[in-house]
Amino acid sequence: MPFHAHKFGGSSVASAKRIHNVASLLQASSSPRIAVVSAMQGVTDRLTALANAALATKPWRHDWTTLREHQLHAARELHADDAVQAWLERELQALHALLSAPSPQPEWFAQVQGFGEVWSSRMLQVALGGEASGWARLDARDVLVVHPGELGVGIDWVSSRHNLAAWRKAHCQPNVVITGFIARDDNGAITTLGRNGSDYSSAIFAVLFDADELTIWTDVDGVLSADPRLVPDAVCLETMSYAEACELAYFGAKVLHPQTMAPAMQAGLPIRIRNTLNPAAPGTLISETSEPAASPVKGLSLVPNMAVLELAGAGLIGVPGTAERMFAALHAEGVSVTMISQGSSEHSICCVVRADQAERGRAAVLAAFHVAIANGQVEGVRVTTGIAVLAAVGDGMVGTQGVSARLFAGLAQAGVNIRAIAQGASERNISVAISAADATRGLRAVHSAFWLSQQTLSVGIIGPGNVGRALLAQLAQSAAQRNGTGSGGFDLRLRAIANSRRMHVSHRALDPYDTDALLEDGEALDLDHFAAHVHAAHLPHAMIVDCSGSDAVAARYADWLTAGIHVVTPNKQAGSGSLDRWRAIRAATRHGGHFRYEATVGAGLPVIQTLRNQLDTGDELLEVEGVFSGTLAWLFNSFDGSTPFSRLVEQARALGYTEPDPRDDLSGTDVARKLVILAREAGRELSLEDVEVENLVPPELRDIPLGEFLTRLHELDAPLQARLDAAKSEGRSLRYLAQLDRSGNARVGLVAPEPGHASLHGRLSDNLIQFRTRRYAENPLVVQGPGAGPDVTAAGVFGDILAIAQAVGARR
């Protein structure tokens, strides 16, 4: 039977308990097995620190004693016999002897660093029952021969195979525990394979043993689509190709070391990534090809702590060898280049390097081009720090149109600027350099843009009154429905709530049903802090929903939109207030923030959207007329003279149709605001002061206390009855209409429409808005339906929220 190779990292053998768990996993298989192990978690770092301290003649014995106790304690917990514990003590004393006689020779350092794998391999062999249970132990220094190279450590396959054949003749056990990380060079000197070299060791030995598959055991379920610490909803990938794994590994994916792939690719060896803490998970299979995925991008990786190094100047244009000189200078100084970008104009060339190498690189390039700089042919070398590289990787990107567009759109919608772009001819990788401050937000935005996770919007709601409370309930119901069906490509994450006095902000999603209690214990309202919290750097999109009627809150819209925060509101103050403020709000949307305000006119009716559709397709608004108030619609649909008008107002107030103070409805101001909003939407610079408003409340009743007004409601009856009688004498009825004519004259007030007018045929509380345009000049376009009430208004607000979610890339 062919061997099955396993590799266990430091976290998998971090303690005696973990080592027992590893032994159980290995014993569950019946095929011949090899197990390559790393040092116990943290041990290699401790050994390196001991070596550095000894070389620097700094104290190290206390740390050696601590490490000794750590290893002996683990051996005792594994119930190692006296012989094994004596062996371990000798190994620890050998370390002590080496540290007591430090040497600058690389072999000395490698010998000290390699003790960890020697010890952990012996402990795992003990846990497996030793040679008596069929488990031999192979010290890689007895077999593996390597040689240094410019591209890393190379393998002497001929010598290594010869050594392994000799070793296997001397060991008859079917299973083998092998030390990772360590080897010998061509001269027989002890060396290492470098950081994370145990992965490399596992692939090498899997090939040497002709294994059918290599399983690398880690502490995660497989290769994830992104770093789960930055993208909590990253998904585990079922399959990957070698090429995809190489790209992701190079760009910082921690599960797999890039060198591991080379031996596996040459031998066609499948690699599976699995979790020692969750062995039931199938993990990720890496092979020559991967299964097609719904998204062309398989995974995303983020490399922090980078810098952009740019060489620019007109003297570079058309000059052969410029790039060679620049990169030769960087190579001579040992500066590693992560990505390269150059425009076709050849005016500049830039590359991304590690931040800690940036100044060294800058000095090298300055020296290489010092003559050209002195002659003014080259402007100089500029370094920009605080850069991160975001890489999108996937075989599905090859030949697929629109991948770059989706990546760039996702970043743009999240307000992330791109400093440099690079893509190889294979089309398997697109890398962008972005500000480190935007890195997490950009990563999450692109992850969502490629449907690898839900599109997340950080949401803050101001004004949990009637409409706000209804909206919160609808948000909760929608979230429960999406979770129940597994549908919905977005996450509306409520992270802040505020009323006129207090606010509550949280880094965790708030329960919409708990907001009243949260506000009781909240802090004093600070709109700057509220907005800053909603606009979190680690979340791709931010939205503030203003369900208040506050003019002070509306005054913040322009600043929020300029910062890239989306704004949704049923608050009419912004759309009908100061014209200068309205212009500032519209101008601020150029910075990427979306502004939606459908519910300001028709609650849940698509009034603004209907008008917008006509205007955007080249139509021209001529006139607007209609019933803009559900309250006034109900009153005058009911007012036929059989019941006094004051009694109807009392009934409407009891039914909840009016505001607590009915004068807010009867004044006509609310209707006038809606008319101003529509006029401005059509490009007319109308202000509230330009609207002729008929106030149905007599002047003597407008400023008295509410209680007194309610007792004097009957004073409205006589004048309104007289108006009704006059209309009836002409065979007409009364309606409270808003009107904007072709000349721009605006009026709201009581009208006796001609028989057949659309307003005479609506339901009791319907809003009815009719648009006369060039296309609908004779037969107006009518939008009709319930236009008042918390639920329908909240539905209109929710519709705007969903429209923005879809605009930033959420799936329907």
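Since we're looking at a predicted model, the values are computed, not measured. (Residues numbered from 1 in each chain as written. Predicted model: local features only at pLDDT ≥ 70, side-chain atom pairs only at ≥ 80, totals over all residues. Heavy atoms only, no water.)

**Student:** So what exactly am I meant to see when it comes to the pairing of strand β23 (residues 541–546) here?
**Tutor:** Remember that side chains alternate between the two faces of the sheet whenever the strand is regular. Counted residue by residue, β23 has six buried out of six residues, so it is predominantly covered. Burial of β23 is two-sided: the residues His541, Met543 and Val545 facing one way and the residues Ala542, Ile544 and Asp546 facing the other way are all buried. Bridge analysis of strand β19 (residues 455–462) against β23 gives six bridges, and the strand direction is parallel. Considered in β23, the bridge of Ile462 is made with Asp546. (Buried < 20%, exposed > 50% of the residue type's maximum accessible area, 1.4 Å probe, protein only. Helix = DSSP H or I, 4+ residues; strand = E, 2+ residues; numbered from the N terminus. Pairing = 2+ DSSP bridges.)

**Student:** Looking at this structure, how should I read the packing of helix α11 (residues 322–332) against helix α12 (residues 358–368)?
**Tutor:** Between two packed helices, what matters for the description is the angle formed by their axes and the separation of those axes. Relative to each other, α11 and α12 sit at 135°, their axes nearing to 8 Å. Looking at the two axes, α11 sits oblique to α12. α11 and α12 meet at a crossing whose hand is right-handed. Here α11 contributes Arg325, Met326, Ala329 and Leu330 to the contact with α12, which in turn contributes Gly361, Ala364, Val365 and Ala368. Considering only residue class, the contact of α11 with α12 consists of six nonpolar, one polar and one charged. (Axes fitted to C-alpha atoms, helices over the stretch in contact; angles between N-to-C directions. Parallel < 35°, antiparallel > 145°, perpendicular 65-115°, else oblique. Left-handed = near helix turned anticlockwise from the far one by under 90°. Contact = heavy atoms within 4.5 Å. Nonpolar A, V, L, I, M, F, W, Y, C, P; charged D, E, K, R; others polar.)

**Student:** Please explain the side chain of Thr384 as it appears in this structure.
**Tutor:** Tracing the backbone through its elements, the reader meets Thr384 in strand β16 (residues 380–393). In this view, Thr384 contacts Ala307, Val308 and Arg419; residues no more than four positions away in its chain are not counted.

**Student:** Help me understand the layout of surface pockets, please; the structure alone is not making it clear to me.
**Tutor:** With a probe scaled to a water molecule rolled over the atoms, the places where space remains empty come into view. Reported here for the second largest pocket is a volume of approximately 1,200 Å³. Forming the boundary of the second largest pocket are 40 residues, of which Val467, Lys572, Glu659, Asp670 and Thr793 lie nearest the centre. When residues of the lining of the second largest pocket are traced back to their parent elements, those giving at least two are α16 (466–485), α23 (599–602), α25 (630–638), α27 (663–666), α28 (669–681) and α31 (790–807). Taken together, the residues that form the lining of the second largest pocket break down as 12 nonpolar, 21 polar and seven charged. (1 Å grid on protein atoms, 1.4 Å probe; cavity = no way out; pocket = protein on both sides within 12 Å on 5 of 7 lines; lining within 4 Å. Points joined across faces, edges and corners; volume = space filled by probe spheres on them.)

**Student:** Can you help me understand the sheet that holds strand β24 (residues 566–568) in this one?
**Tutor:** Remark on secondary structure: sheet strands pair via backbone hydrogen bonds, oriented parallel or antiparallel. Taken together, the seven strands give an open sheet; going across it, the order is β22-β21-β20-β19-β23-β24-β25, and neighbouring strands pair in mixed fashion. Two strands bound the open sheet, and with one partner strand each, they are β22 (523–524) and β25 (595–596). In this sheet, β24 lies alongside β23 in parallel orientation, the contact comprising three bridges. In the sheet register, Val545 faces β24, and the bridge partner there is Val568.

**Student:** I'm lost on unusual backbone geometry in this one. Help?
**Tutor:** If a residue is not glycine, its phi is most likely negative; likewise, a peptide bond is most likely trans. Phi at Thr57 is positive, roughly 55°, even though this residue is not glycine. Judged by relative accessible area, which is 71%, Thr57 ranks as exposed. Despite not being glycine, Asp210 shows a phi value in the positive range, around 55°. With respect to the element layout, Asp210 can be found in the loop between α8 (197–208) and β9 (213–218). Look at Asp210 and you get exposed, because its relative accessible area is 55%.

**Student:** Any chance you could explain the packing of aromatic side chains here in plain terms?
**Tutor:** Working definition: an aromatic ring pair is given by the centre-to-centre distance plus the angle between the planes. Tallied over the full model, the rule gives 13 aromatic pairs. Aromatic side chains Phe115 and Trp119 sit 5.5 Å apart centroid to centroid with 35° between the ring planes, which places their arrangement in the tilted category. Placement of the pair is Phe115 and Trp119 together in helix α6 (residues 115–127), with a separation of four residues, close to one helical turn. We note that Phe115, like Trp119, is buried. One Lys or Arg, Arg122, reaches over the ring of Trp87 and ends 4.8 Å from the middle of that ring. (Phe/Tyr/Trp six-rings, centres within 6.5 Å; stacked < 30°, edge-to-face > 60°. Lys NZ or Arg CZ within 6 Å of the ring centre and 35° of its normal.)

On their own, these measurements won't tell you what the molecule is for.
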